[in-house]
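Report on the structure
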Amino acid sequence: MVFYMIPILYKANATNFASFGIGVLKDCTFCEVTEERNGAFECVFKYPTNGQLYEEIKTERLIKAKPNDTANDQMFRIYRITTPIDGVVTVYAQHLSYDLSNIAALPWDSGSITAALGLEQLLHNTATSHPFTCLTASESSTNFHVAKPQSVRACLGGVSGSFLDCWGGEFEWDNYLVRHHKHRGQETGVVIEYGKNMTEMEHDAET
């Protein structure tokens, strides 16, 4: 899913996202948020070097952007700023939930456990404190544990035996809230059929 908007810049340690932070990046020439199902969730924008807030754009600082028409505004942490080309830099930021990659989950084993308790245990048993909380719609139980110290983000999904391996479903990242759904969106009955309601299709093949 891709969505366009004007981002707002905040300091790296900001906690009040209701304000305008350092300022609105109104000189931004392009801004795009892309979210993949249980995958990458990033914001990319272009900003001119003569823009009012150019000197304030630094790695680790936060960007507020709206990912789609219905979701809450989301925070993204800047991790890369390119060298200027024709007086414009491209800035890459990943969703605030990627901060969970820097938080270590401690080993634990409780046998069969509900999805809700599994998420709570995972976020509670960490080497350092953090503000993340969780919700899940799943009521099923299964065996789930953390065998060795590793990042909370990896334990949620991305390694063998992760939360997603055990319960499946899809995550919705809502700033500091981790929501687990059996599936996101809804079945509308709409079917896209070639030659009926498609206006164009491209196919690439490599030999």
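Below or above, wherever it landed, is the structure these notes cover. (Residues numbered from 1 in each chain as written. Predicted model: local features only at pLDDT ≥ 70, side-chain atom pairs only at ≥ 80, totals over all residues. Heavy atoms only, no water.)

Looking at the overall build of the protein chain
Check the secondary structure of the protein chain and you find three helices and 15 strands. Every one of the 207 residues in the protein chain was classed for burial, and the buried ones make up 40%. Taking the contacts inside the protein chain whose residues are at least 6 apart along the sequence as the reference set, 54% of them involve residues at least 24 apart. (Helix = DSSP H or I, 4+ residues; strand = E, 2+ residues; numbered from the N terminus. Buried < 20%, exposed > 50% of the residue type's maximum accessible area, 1.4 Å probe, protein only. Contact = heavy atoms within 4.5 Å.)

Concerning the environment of Gly-161
Its place among the elements puts Gly-161 in the loop between helix H2 (152-156) and helix H3 (163-167). On the accessibility criterion, Gly-161 (34% relative accessible area) is partly exposed. It is 9.2 Å that separates the C-alpha atoms of Gly-161 and Ala-147, two residues lying 14 residues apart in sequence. Dropping the residues within four chain positions of it, Gly-161 is found in contact with Phe-144 and Cys-166.

Some thoughts on the packing of aromatic side chains
What the rule picks out here adds up to 10 aromatic pairs. Ring centres 5.6 Å apart and planes at 80° place the aromatic pair Trp-108 and Phe-144 in the edge-to-face group. Taken together, the positions of Trp-108 in strand S10 (residues 108-114) and Phe-144 in strand S12 (residues 141-146) put the pair 36 residues apart, joining distant regions of the chain. Residues Trp-108 and Phe-144 agree in their burial class; the two are buried. A connected cluster of aromatic rings, assembled from ring pairs, spans Trp-108, Phe-144, Phe-163, Trp-167, Phe-171 and Trp-173. In this structure, Arg-153 packs its charged tip against the face of Tyr-98, placed 3.9 Å from the ring centre. Its end group placed over the ring of Trp-173, Arg-153 keeps NZ or CZ at 4.2 Å from the ring centre. (Phe/Tyr/Trp six-rings, centres within 6.5 Å; stacked < 30°, edge-to-face > 60°. Lys NZ or Arg CZ within 6 Å of the ring centre and 35° of its normal.)

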